[in-house]
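Observations on chain architecture
Each chain, letter by letter, is given below.
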Amino acid sequence: MRKPLLFDFLDAFFNAANVFAGVNNHFFSITALFRVHLSIFIVYNKNDNKIQKEHTLLLISNAARPSSLDLEDFLTHYGDIFEHSPWVAETAWKQGLTTQHDDADVLADSMGAVLRNAEIDEQIAVIRAHPDLAGKAALAGELTQDSTREQAGAGLDQCTAAEFERFQRLNQAYQDKFGFPFVIAVKGLDRHAILDAFEKRLENDAVTERQTAINQIIQIARFRLHMRAETAA
Ligand code: GUN
């Protein structure tokens, strides 16, 4: 069971017990509740290391636990999760982070909701912050660390001359049609699958494609957070 779910379950259980006991003896119920929570806290902390080891894929390391960071440190660790757009992480932090956000997926959901609820021009600015796939910035070695790793992971640094030319042609056609670059979460895809998706998405209308790009960016953020959690564990 994941750590936050365990706490959710215990909270729900003891809250229900508290309400029930409170009907008979309010004072007893409050003190009992306090004692139970204290003992859970002690047991939980004793097992903390063990629980963390079992969930290295989900929990973010002690050193960079999102819920424990002030805004400046949070942005140092997570400000770059959305490409050149630290305001997404900043807004999520300002909305309030609890220990539940020490889970990569929960944090990805919260940051993703910030982007989904943003104004259309803010969403488009985040899409435009992404470099072209196999584009000029990649050739010039000007990508962020995450983008370099993602593009290389999909083999985009190994394109043949013909594939490279196809990417340039598609990048231009996509920019001309939508006014922002093609973004796709490339993890698990090779360059052939990416080129196929590229051709298909060029057929979309502008609204569908903006929403698709935002979904893909949130997926990229999720992968990046998982990567941080794994490497920090
Ligand atoms: N998908 C994963 N990383 C990137 C990137 O840097 N640029 C684009 N366009 N898509 C991506």
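Structure: above.
The present account deals with the structure reproduced in this document. Note that the structure is predicted; figures quoted are calculated from it, not measured.

Let us look at the nonpolar core. Judged by nonpolar contacts, the single largest core of 45 residues is most densely connected at F82, M111, F167 and I194. Counting residues per element, this core draws most heavily on helix α12 (residues 206–232), which supplies seven residues. Aside from chain neighbours lying at most four places away, what touches F82 is V88, M111, G112, L115, I217, I218 and A221.

Turning our attention to the pattern of salt bridges. Inspection of the entire model under this criterion finds 13 salt bridges. The salt bridge involving R224 is made with E83; its shortest N-O contact spans 2.9 Å. Of this pair, R224 sits in helix α12 while E83 sits in the loop between α4 (71–78) and α5 (86–94); the two residues are 141 residues apart in sequence, bridging distant segments of the chain. The exposure class of R224 is buried, given its relative accessible area of 2%. Between E163 and R191 there is a salt bridge whose closest N-O contact spans 2.6 Å. Here the residue E163 occupies a position in helix α10 (residues 161–178), and R191 occupies one in helix α11 (residues 191–201), the gap between them amounting to 28 residues. You can call E163 buried: its relative accessible area is 12%. Overall, the relative accessible area of 18% leaves R191 in the buried class. A network of salt bridges, in which partner residues are shared, links D80, E83, D146, R149, E150, R224 and R228.

Cut-offs applied
- Residues numbered from 1 in each chain as written.
- Predicted model: local features only at pLDDT ≥ 70, side-chain atom pairs only at ≥ 80, totals over all residues.
- Heavy atoms only, no water.
- Core = buried A, V, L, I, M, F, W, Y, C linked by side-chain atoms within 4.5 Å.
- Buried < 20%, exposed > 50% of the residue type's maximum accessible area, 1.4 Å probe, protein only.
- Helix = DSSP H or I, 4+ residues; strand = E, 2+ residues; numbered from the N terminus.
- Contact = heavy atoms within 4.5 Å.
- Salt bridge = Lys/Arg side-chain N within 4 Å of Asp/Glu carboxyl O.

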